[in-house]
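The primary structure of each chain is shown beneath.
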Amino acid sequence: MKKNCKIKILFLNFLFFSFAMLAQEKTVSGEVTDSRGMPLPGVNVAVKGTNSGTQTNFDGEYSLQASPGETLVFSFMGTKTIERTIGEVNTYNVVMEEDSDQLDEVVVVGYGSVQKRDLTGAVSTIGNEDLVARGTTSPMAAMQGQVAGVNITANSGLPGADFDINIRGINSLSGGRPLFVVDGIMTDNINFLNPMDIERIDILKDASSTAIYGSRGSNGVVIVTTKSGEGLAGETRFSYQGFVGVKEVSNMPDFHNAEEGILWTQNRAISRSLYQGDPVEDLGDYYHGFPSSGEDREFWENVFANENYFDWTEELLRPSIQTNHFISASGGTEKVTFLVGAGYQGDNGNIDGQYYDKYNFKANVDANVNDQIKMGANINLAYSERELRSGTVMQQLFRAPNWAPAYDENGDEILLPLRGMSGNTSPLADLKNRFNDEDFYVLSNFYVQFQPIDWLSLRSTFSPNFHLNRHGEYWDPAQTKSGAGAQMSNSQDFSYIWDNHLRLSKDFGDHSFNYDFIYSMQMDRNEYLYGFGWDLPFNSEFYNVGSASSLNTASSFEKSTLMSYTNRINYSFKDKYLVTGTLRWDGSSRLAEGNKWASFPSGAVAWRVSEENFLKNSPTINNLKFRLSYGYTGNNNISPYTTQFAVSNQTYYDWNGTMANGFRPSAIANKSLTWERTREWNLGVDFGFFNNRISGEINLYDRLSLDLLMSRKLAVPTGWASMMDNVGSVSNKGIELQLRTINIQSRDFSWETNFTFSTNENKIVDLYGKKEDDVPNRWFIGQPVEVVYAMEYDGVWQRDELTEENMQELEGTARVKDLNGDGIYDIDNDMRVLGSPLPTWIGGLQTTFRYKGWDLSANIYTKQGVFIFSPFHELYTDMNTKQILDIDYYMRENPVTEANYTNAYPQPAYAGQFYGEDAEDYGYPGFNKDASFVRLQNVTLGYNFNRNFIERIGLQEMRIYVNAVNPYVWTEYEGFDPEWGSASMSSNANAFSTYQLGVNIRF
C-alpha cells in the first residue's frame, strides 16, 4: 500500500513539473537581415543544447518555441554565428554580419605572410585537413589535383616511389623542379615528410610571389609549414592520427594465360616459317616454337601433359599492408610554446621481400625571452629504408610466360624455366637479390628575433640541412648464373642558409607600409663514394664489396655558394589599392667571372573593387579583387664547375717508352655563361558571390624563359663536341581556375564542391639563337619541350591490299602513313610531332556531404591530351617476345592454327621495319599511346563523435573513417597505370587500390 502511494506521489510531481516547464515555454519570433537590411532566407535558428530549431522563410522571418534563459543560435554560410539569450521579450531581430575569416586567412608568401585579402600575387594554399583526407603516405600525392596549374605525376607504383612536379609548365630545357621550403629550410624534395605533420602547404606560382627567392624561384616555390605549438599558450594538447590499409593490385593488364601463351608461341614460330617460305606441318599433340628433340622436348611434353603451368603474377603478387601513424604533444605558457611529434609509415609491398619504412621525429620550441627578444628552434628528422629486391624484379615477373613451370615434380625451384628456349632465369631468383636505399634527413633552423619597437624587428635565422643516402645492390649467383656481384654508393649532402631579416611595418592613417630587407648566404656541398665488386667469395650482400676479386671505385666532390640581397615593399591605401615591389640580387659561384651577379625585379598591383562605395553594399558581390603582376626570376641549374676546365678524363702517355698516367679536360669551359632568366605576366581575379557561397579565383599567365642553359654542339675543328651555353627560349601560357561552391547549407546538412581547372601551352620559341629545329634532341620550334616525334602507325598490311610480288614480304607487317604522298617512307618527310606527354589540361573535383556527425567526400582527378611513348607496349607488344598482352594480332593462313585478319596489331616474329625494337629510327610508331585518364582518387566516409559524449572518456575530438584510395581509373591506356605510362620498365610496377580504416583523436 505504501509503495503504491509513493508511486502516485512521484507521478503527480512529474506532471506538476512538466506543466511548469510547458508554462515557461513561449513562442519566440523575429526577423533576420544582412548588414544592408535585406532579409536573409535559410538562416539556421536553433535552441542551443537541444534538438529544437528552424530556418527563416523567404522574408527572413522565423518562429519557434523556447524558454527564458535558453540561447538562440543564428548561423548562416558566409556570416558570423550570433547568439541571443532569451529574456522576457518575445521578439529578437538579428543582423548577420559578414564573416571575413576567408579573406583574413593568412597566406605564407616567403619570409613572411599576408592576409589573403591583401595578397597581390598568385598563391594557392592546401590545409592539413585536405592533405590528410587523401589517405596517402606522400605529401606530393596528397597535393595532386588540389591546386590549379600544378602538374604532379607519380613515377611508378613501387613502394616509396617519387613524384615529378612542375608548376605552370616546363621552363627549361635542362630540367628543374620547384624550390621546396620546409619551415624556412630549403630542400630538394618533401617526400621525407609525413603528411599528418604538415599544417599547410602554400604554392607560389607567379613571378611577384616567387621573386623573393630570386634565382631559386623560377620553377615556382612550394612552402611547407609543419605543425607547431603556436597559439597554444596556457594549454596542452595530445593528438593521434593514423590509418591501416590494405593495398590491393588493381587495373591489371590483360596478359596471356597459359593456353593463350602457348598458342602465341606456336603462332610466332609459324609466322617465322611463313615469312621465310618454309613449310609448316601439323605436329599433333606437340607445338611449334618449343624444342623439337632430346631432353628438352621431353621436358616440355611432360609440362604440357601435366599442365604444370605457373601463373606468376597470380602467385607472386599479393596485397600489402600500408600504415601511417603520427602522435604529437603541444602546448606551453605565455613565455614558451612547444611541439614534439613522431610518426611511422610502412608498406610491405605487393611482392615478397619488398618494403618501405619511414620514421619521422620533429620538435620545435618558441620562447619569449622578454618583451623585445624572441628565440626558437625547429628540428625535423626523417629516416627511411626502401627494399625492392631487384631493380628489374617487377619487369621480370610480368615477362615470365604463364606456361613456364616454376617448380619441378619434387617441388624444387626451376632456375631456368624456359628450358631449351631462353637463358632467362626464374623471377624467383630475382627475389634473392637486394636493391636497397637508406635515407637520413636532418632539417633544422635556429632563430633569434629582436623587436625594440612595435614597427621594427630584426631576425637572424641559421638553417643547416643534412641528407645522407646509401644505395646498395646485390646480385645472387642464382640470378646471374655466374658469380655474385654487389655495389654500394654513399652520398652526403650538407647545406646551410643564413638569413638576416629586417622588417619595418607602419600605418599612417589610410596608408599601410611593410618593408623587408634580407641578406642571405647559402652553401651546398656534396660528397659521393661508389664501389663495385664482382665475384664475391661469400654472400655478404653489399656490405663487403672489397672482398670481391674484381673491383671498381669512384668518388666526387661538389661545392657551390650563393649570396643574396633582397628588398620588398608592400603598400596599401584604404585597404583597397595594393602595391608590392621586390628587387633581389643573387650572386652564384656556379657562373663565370663577370656574370655571377644578376638582379630579379618584380612588381604587383591589386584593386579590391568590392570595397568601393558602388559595390560595398551589393547584395550579390561580397569579394572582388583584380591583380596584375610582372617580374623576373632566374635559374643557375648547372653543375658547380661548368665554367671551369675540369681535368677529369684519365689518359695514358708514352713517356720515352714508359706508360705514364695523366688527365685531360673533359669539356670546354664557357667563360661567358650567365643566368637563365624567366619573365612573367599574371592577371588574376578573386571573387566571392552570394555571401561567398560561390568563391574562387581565375589567373591568366604568360611566362617566357630566356637565355636557357643547355648543351650546344660545336664545330668539328674546335676539337670539342659540345659545351654549355645560354641559348634558347621557352614560352608557357595558360589559364587557371579554382572554384568553391556551397550548394546546400542547413542546420544538419551541407553540400560543398571544389573545382580546379588549368591549361598550359608550352612551346619552344628559339634554339641556338635561331628559329631552327634540333631534330636529334627532339626539340622543335613552336612545339612543347617534351614531344613524341615519330611516323604515324597506320595499321597492318592486309593480304588483299598487296600484289603477288610483295605479299610474301609485307603481309601482316605494320605500315605507317606516307605524309607527303610521294610513295616513299622516309624519316625526313614522314615523321611528325604526334603529341606530348604534357597534358593539354588538368582538372579536379572534390565534393563533400555533411549530415550531423557524418561526412562523405569524393575526389576526381583528370589529365587530358597526354600522348606518350610507352615502354610498357615496347616490352609487351613488340611481337617477338615470349609473353605479351592478349591483343588482336594478325595471323597468316596456315594449316595448323586459325588465321586472323586484323588491322590492330601486326603478325608475330616479323612485324616489319616500322614495328618493334628495331623501329627506333622511326620513333617506334606502334608504341606511342594516348595516356589520358580520369581517376577516382578517393572516397571517404567518416563520423565525428559528439563532443559531449567523448568528453566523458577524456577526449576533445574523435573521428573514425573508412577511405578507398584510387579505387578506379577510366582510361584507354592498356598498361599498368596511365599516370606512370612513360616510366622505364626497369622501375615500373603494377597499379593499386588501397582500402583504409583510420582514426583521428585529440585529448
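Parameters at a glance
- Residues numbered from 1 in each chain as written.
- Predicted model: local features only at pLDDT ≥ 70, side-chain atom pairs only at ≥ 80, totals over all residues.
- Heavy atoms only, no water.
- Pairing = 2+ DSSP bridges.
- Helix = DSSP H or I, 4+ residues; strand = E, 2+ residues; numbered from the N terminus.
- Axes fitted to C-alpha atoms, helices over the stretch in contact; angles between N-to-C directions.
- Phe/Tyr/Trp six-rings, centres within 6.5 Å; stacked < 30°, edge-to-face > 60°.
- Buried < 20%, exposed > 50% of the residue type's maximum accessible area, 1.4 Å probe, protein only.
- Salt bridge = Lys/Arg side-chain N within 4 Å of Asp/Glu carboxyl O.
- Contact = heavy atoms within 4.5 Å.
- Polar contact = N/O pair within 3.5 Å; in protein donor to acceptor, adjacent residues only side chain to side chain.

K.L.:
Looking at this structure, I do not really get the sheet that holds strand 6 (residues 82-85). What am I missing?
P.N.:
Sheet strands line up and pair through hydrogen bonds in the backbone, either parallel or antiparallel. Ordered by their spatial adjacency, 4 strands build an open sheet running 3-2-5-6, and the pairing between neighbours is antiparallel. Unpaired on one side and paired on the other, strand 3 (53-55) and strand 6 mark the two borders of the sheet. Averaged over all pairs of adjacent strands, the angle between their axes in this sheet comes to 20 degrees, without regard to strand direction. Of the pairings in the sheet, the one linking strand 5 (residues 71-75) to strand 6 comprises 4 bridges and is antiparallel in character. Bridging across to strand 6, Leu-72 finds its partner in Arg-84.

K.L.:
Any chance you could explain the packing of aromatic side chains here in plain terms?
P.N.:
How two aromatic rings sit relative to each other is set out by the distance from centre to centre and by the angle between their planes. Following the criterion strictly, the structure yields 57 aromatic pairs and no others. Judged by centre distance (5.5 Å) and plane angle (65 degrees), the ring pair of Trp-300 and Trp-403 falls under edge-to-face. Here the residue Trp-300 occupies a position in helix 7 (residues 294-306), and Trp-403 occupies one in the loop between helix 9 (393-399) and helix 10 (427-430), the gap between them amounting to 103 residues. For Trp-403, a relative accessible area of 0% puts it in the buried group. Through successive ring pairs, a cluster of aromatic residues spans Tyr-286, Tyr-287, Phe-290, Phe-299, Trp-300, Phe-304 and Trp-403.

K.L.:
What am I meant to see in the pattern of salt bridges here?
P.N.:
Two side chains of opposite charge can pair, provided their charged atoms sit close to one another. In this structure the tally under the stated criterion is 39 salt bridges. Between Lys-432 and Glu-413 there is a salt bridge whose closest N-O contact spans 3.2 Å. Taken together, the residues Lys-432 in the loop between helix 10 and strand 22 (434-453) and Glu-413 in the loop between helix 9 and helix 10 connect sequence positions 19 residues apart. Overall, Lys-432 belongs to the partly exposed group, its relative accessible area being 36%. When its relative accessible area of 33% is taken as the criterion, Glu-413 is described as partly exposed. The salt bridge involving Glu-772 is made with Lys-770; its shortest N-O contact spans 3.6 Å. The exposure class assigned to Glu-772 is partly exposed, which follows from its relative accessible area of 45%. Each of Arg-168, Lys-205, Glu-680, Arg-703 and Glu-736 takes part in salt bridges that share partners, so that together they form one network.

K.L.:
Sorry, what's going on with the environment of Ala-814 here?
P.N.:
Locating Ala-814 in the fold gives a position in strand 40 (residues 814-816). Residue Ala-814 is classed as buried on the basis of its relative accessible area, which comes to 4%. Linking Ala-814 and Phe-614, residues 200 residues apart in sequence, is a C-alpha distance of 68 Å. Ignoring anything within four residues of it in the chain, the contact list for Ala-814 reads Tyr-793, Gly-795, Trp-797, Pro-906, Ala-911, Phe-914 and Tyr-915.

K.L.:
It is not clear to me how the side chain of Thr-881 should be interpreted in this structure. Could you clarify?
P.N.:
For Thr-881, the position within the fold is in the loop between helix 14 (871-876) and strand 45 (928-930). A residue is classified by how much of its surface remains accessible, and Thr-881, at 12% relative accessible area, is buried. Leaving out residues up to four positions away in the same chain, Thr-881 has contacts with Trp-264, Arg-268 and Leu-875.

K.L.:
For this particular structure, what's the right way to read the pairing of strand 12 (residues 163-167)?
P.N.:
It is a general feature of regular strands that their side chains alternate between the two faces of the sheet. The buried fraction of strand 12 is high, at 4 of 5 residues. Alignment of strand 11 (residues 150-154) against strand 12, held across 5 bridges, turns out to be antiparallel. By the bridge assignment, Thr-153 is partnered in strand 12 with Asp-164.

K.L.:
Would you take a moment to explain the side chain of Thr-226 for this structure?
P.N.:
Counting through the fold element by element, Thr-226 comes out in strand 16 (residues 221-226). Taking relative accessible area as the criterion, Thr-226 reaches 3% and is therefore assigned buried. Within the local environment of Thr-226, its side chain forms a polar contact with the side chain of Asp-183, the two groups lying 2.5 Å apart. A distance of 2.9 Å separates a polar atom in the side chain of Thr-226 from a polar atom in the side chain of Lys-362. Once residues within four sequence positions are removed from consideration, Thr-226 is found in contact with Val-182, Asp-183, Asp-197, Ile-198, Glu-199, Lys-362, Asn-378 and Asn-380.

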